[in-house]
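The primary structure of each chain is shown beneath.
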Amino acid sequence: MVIDRETFKSITIKAGRTHKWAVDFMGEPPPTVKWVWRDDIPLTNSERIKIENVDYHTDFTILNTVRKDTGKYTLTIENVNGKDTETVELTVLSKPGAPQGPLDVSDVTAEKAKVSWKKARR
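Residues numbered from 1 in each chain as written. Predicted model: local features only at pLDDT ≥ 70, side-chain atom pairs only at ≥ 80, totals over all residues. Heavy atoms only, no water.

The chain is annotated in an unreviewed UniProt entry as Immunoglobulin I-set domain-containing protein from Rhamnusium bicolor.

Now the structure itself:
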């Protein structure tokens, strides 16, 4: 039971892009395939996620990525002879939202100041 880790790597992309992991694996009999996100959230086909499994290969595609897609994606293959698991990270970069006031200025010195604000609501 072995996942081919050559094409299964962590990646950073810009929001709005599509990313596809195409992963080969070995095992007899052909193993079952399971994809999960973050804290064991099962992933299935949806409007933006496409998973295609054939014997010894899986394609995982995420379309029109947004910042909240950032996280760890785990592939598990398993059959009666054992299992293999690998986790990679997807980081989606986008412009931050506008800060929500009030601004808080602290730790003021002659050379610097610390500025903080509330996170933008999305």
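Now that the structure has been shown, the text picks up again.
Asks: Whenever I open this one, the sheet that holds strand 3 (residues 19-26) confuses me. Can you help?
Replies: Strands pair in a sheet through their backbones, by hydrogen bonds, and they do so in one of two ways: parallel or antiparallel. Strand order in the open sheet made by the four strands is 1-3-7-6, with antiparallel pairing throughout. Since the sheet does not close on itself, it has two edges, and those belong to strand 1 (2-3) and strand 6 (49-54), each with one partner. Where strand 1 meets strand 3, two bridges bridge the pair, whose relative direction is antiparallel. Bridge pairing links Val2 to Met26 in strand 3. (Pairing = 2+ DSSP bridges. Helix = DSSP H or I, 4+ residues; strand = E, 2+ residues; numbered from the N terminus.)

Asks: What am I meant to see in the UniProt feature "domain: Immunoglobulin I-set" (unreviewed entry) in the chain here?
Replies: UniProt's feature table lists "domain: Immunoglobulin I-set" (unreviewed entry) at residues 7-92, given in the numbering used throughout. Segment residues 7-92 splits into 0% helix and 60% strand. End C-alpha atoms: 19 Å apart. (UniProt positions renumbered as here; feature names shortened; annotations may be inferred.)

Asks: It is not clear to me how a nonpolar patch on the surface should be interpreted in this structure. Could you clarify?
Replies: A cluster of nonpolar side chains, namely Leu103, Val105, Val108, Val115 and Trp117, defines an oily patch on the protein surface of about 510 Å² accessible area. Within the residue set of the nonpolar patch, elements represented by two or more residues are strand 10 (100-106) and strand 11 (114-118). As for its position among the elements, Val115 is in strand 11. (Patch = residues over 30% accessible without salt bridge, like charges linked within 9 Å, V, L, I, M, F, W, Y side chains within 5 Å. Areas by Shrake-Rupley, 256 points an atom, 1.4 Å probe, with all protein chains shown as cover. Salt bridge = Lys/Arg side-chain N within 4 Å of Asp/Glu carboxyl O.)

Asks: Honestly, the sheet that holds strand 2 (residues 11-14) in this entry has me stumped. Any pointers?
Replies: Pairing is mixed in the open sheet, where five strands are placed in the order 2-9-8-4-5. Across the chains shown, the open sheet's two edge strands, defined by having one partner strand only, are strand 2 and strand 5 (41-42). Relative to strand 8 (residues 71-79), strand 4 (residues 32-37) runs antiparallel, the two sharing six bridges. Paired with Thr32 across the strands is Glu78, a residue of strand 8.

Asks: Is there a simple way to explain the side chain of His19 in this structure?
Replies: Locating His19 in the fold gives a position in strand 3. Ignoring anything within four residues of it in the chain, the contact list for His19 reads Ile11, Ile13, Phe60, Thr61 and Ile62. (Contact = heavy atoms within 4.5 Å.)

Asks: Even after reading the chapter, I still don't get the pattern of salt bridges, so can you show me in this structure?
Replies: Pairs may arise between side chains of opposite charge once their charged atoms sit close together. Counting across every chain of the model gives four salt bridges. We note a salt bridge from Glu86 to Arg5, for which the minimum N-O separation is 2.5 Å. Remark: Arg5 occurs in the loop between strand 1 and strand 2 and Glu86 occurs in strand 9 (residues 82-93); sequence separation between them is 81 residues. Through salt bridges with shared partners, a single network forms among Arg5, Asp84 and Glu86.

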